[in-house]
Amino acid sequence: RALSLDPKNACTWSSLATEGGGEVDGQNYSKQACQSKAATEWCNLGAGGGGEVEGQSYTSTECYIKAVSVDPRSASAWCGLGVEGGGKVRCNSYSSKDCY
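It should be emphasised that the depicted structure is a prediction, and the values quoted were computed from it without experimental measurement.

(A) Main features of the environment of Glu19. Relative to the elements of secondary structure, Glu19 occurs in the loop between α2 (10-18) and β1 (21-24). Exposure remark for Glu19: the relative accessible area of 66% places this residue in the exposed category. Spatially, the C-alpha atom of Glu19 lies 7.6 Å from that of Lys31, the residues being twelve residues apart in sequence.

Dropping the structure here:
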C-alpha cells in the first residue's frame, strides 16, 4: 500500500526487497527489481543535494551510501558516491577513485 501512495519512497522499496519482493499496483517486483528501484530513488535524492526521508535528513553522500548499500551493482550509485568524494559502505572505506 505504501508504494501505491508514494512510489518514489526508497525506504519502502528497500523494505520490500528485504521481504524478497512483492506486488505493487498489480505488478510483481523481484527482490532485485526492488533493490534497483530503491537505489534509483536514493540516487535521485543524492543528485538533488540530499533531503529528508521519513523524518530523517540525509546528505548527498549519505544518499549514495544508501544506494550502494541496497544495490551494490548500481553504477550510478557508485559514480555519485565518487563525485561526493567517496565514503564508508558496510564497514569498508572507498575513495573517489575506488568508486570509479
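Back to the write-up after that little detour.
(B) Up close: the nonpolar core. Ranked by internal contacts, the top residues of the largest apolar core, which has 26 residues, are Trp13, Trp42 and Leu81. Taken together, the elements giving at least two residues each to this core come down to α2, α3 (31-47), α4 (60-70) and α5 (75-83). Sort the elements by how many residues they give to this core and α4 lands first, with six residues. What Trp42 contacts, discounting residues up to four positions off in sequence, is Ala10, Cys11, Ser14, Val53, Tyr58, Cys63, Lys66, Ala67 and Val70.

(C) Representation of the environment of Ser14 in the model. In this structure, Ser14 sits in helix α2. Through-space distance from the C-alpha of Ser14 to that of Val70 is 6.7 Å; in sequence the pair is 56 residues apart. Look past the residues within four positions of Ser14 in its chain and what remains in contact with it is Ala38, Trp42 and Val70.

(D) Structural detail: α5. If you check which residues of α5 are buried, you get Ala77, Trp78, Gly80, Leu81 and Gly82. Looking at the packing, one finds that the buried side of α5 touches α3, α4, β5 (87-89), β6 (92-94) and α6 (96-99). Positioned one or two residues after α5, Gly85 has a phi angle of 100°, which is positive.

Procedures and definitions
- Residues numbered from 1 in each chain as written.
- Predicted model: local features only at pLDDT ≥ 70, side-chain atom pairs only at ≥ 80, totals over all residues.
- Heavy atoms only, no water.
- Helix = DSSP H or I, 4+ residues; strand = E, 2+ residues; numbered from the N terminus.
- Buried < 20%, exposed > 50% of the residue type's maximum accessible area, 1.4 Å probe, protein only.
- Core = buried A, V, L, I, M, F, W, Y, C linked by side-chain atoms within 4.5 Å.
- Contact = heavy atoms within 4.5 Å.

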